[in-house]
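Residue-level structure breakdown
Take a look at the letters that make up each chain.
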Amino acid sequence: MKKFQLRNIIREIIIETISEETINECWKGYVKKGMKKKGNKMVPNCVPKNEDVDENLNQWFKDDWVRVDTSGNIAGKCGTMKKGKKTQRCLPRKKANSLSKKQRASTSKKKTKSSKQYVSNTKAAGGRKK
């Protein structure tokens, strides 16, 4: 075997190993989820790592949200209030049922007392810890 033939074989091996490594790699913060066709080449389908955020958002939409009035009663579906009234607290039904009537009233009163759009829950209702 001559020198130039040996060089060509080594080049081909290097090119193959480099292309295999780059096929399986994604950018920082991305993971490979299968392959996709781009032009005439198959390339990795790189998706962001934080897909659990999308799953949490989907779960948030699927939850059954209910309104809680200031006396602690479950007043109906969230978003069904009459115009002109103070906004009542909306909670997932599971969360609302796990709280006592007094705790539901407390978190709802905190919401109606405030003029802000977002008001954190009380500690019992799962408020943010500072």
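To keep things clear, this report deals only with the structure shown in the data block. Nothing here was measured: the structure is a model prediction, and the numbers come from that model.

What counts, and at which threshold
- Residues numbered from 1 in each chain as written.
- Predicted model: local features only at pLDDT ≥ 70, side-chain atom pairs only at ≥ 80, totals over all residues.
- Heavy atoms only, no water.
- Phe/Tyr/Trp six-rings, centres within 6.5 Å; stacked < 30°, edge-to-face > 60°.
- Buried < 20%, exposed > 50% of the residue type's maximum accessible area, 1.4 Å probe, protein only.
- Helix = DSSP H or I, 4+ residues; strand = E, 2+ residues; numbered from the N terminus.
- Contact = heavy atoms within 4.5 Å.
- Polar contact = N/O pair within 3.5 Å; in protein donor to acceptor, adjacent residues only side chain to side chain.
- Core = buried A, V, L, I, M, F, W, Y, C linked by side-chain atoms within 4.5 Å.
- Pairing = 2+ DSSP bridges.
- Axes fitted to C-alpha atoms, helices over the stretch in contact; angles between N-to-C directions.

Turning our eyes to something else, we now look at the packing of aromatic side chains. In total, this model carries one aromatic pair according to the counting rule given. Measuring from ring centre to ring centre gives 5.4 Å for Trp27 and Tyr30, while their planes differ by 75°; the resulting arrangement is edge-to-face. With relative accessibility at 60%, the residue Trp27 sits in the exposed group.

You can see Asp69 is positioned in the loop between strand S3 (65–68) and strand S4 (74–77). Classification of Asp69 as buried rests on a relative accessible area of 17%. In contact with Asp69, other than residues within four places in its own chain, are Ala75, Gln88, Arg104, Ala105 and Ser108. Of note is the side chain of Asp69, whose polar atom sits 2.8 Å from the backbone nitrogen of Asn73.

So, on to the nonpolar core. Ranked by size, the top nonpolar core spans six residues in total: Val66, Val68, Leu91, Ala96, Leu99 and Ala125. Once you skip the residues sitting within four places of it in the chain, Leu91 turns out to touch Asp64, Trp65, Val66, Val68, Ala96, Leu99, Thr107 and Asn121.

Within the fold, Gln88 resides in the loop between S4 and strand S5 (89–92). Setting aside chain neighbours within four positions, we find Gln88 in contact with Arg67, Val68, Asp69, Ala75, Met81, Lys111 and Thr112.

All right, on to the sheet that holds S4 then. Pairing in this open sheet of three strands is antiparallel, and the strands run S4-S3-S5 from one edge to the other. Only two strands of the sheet have a single neighbouring strand rather than two, namely S4 and S5. With strand direction ignored, the average angle separating the axes of adjacent strands in the sheet is 40°. In terms of strand pairing, S3 meets S5 through four bridges, oriented antiparallel. Considered in S5, the bridge of Val68 is made with Arg89. Lying over the sheet, helix H4 (residues 101–113) contacts S3, S4 and S5, oriented at roughly 135° with respect to S5.

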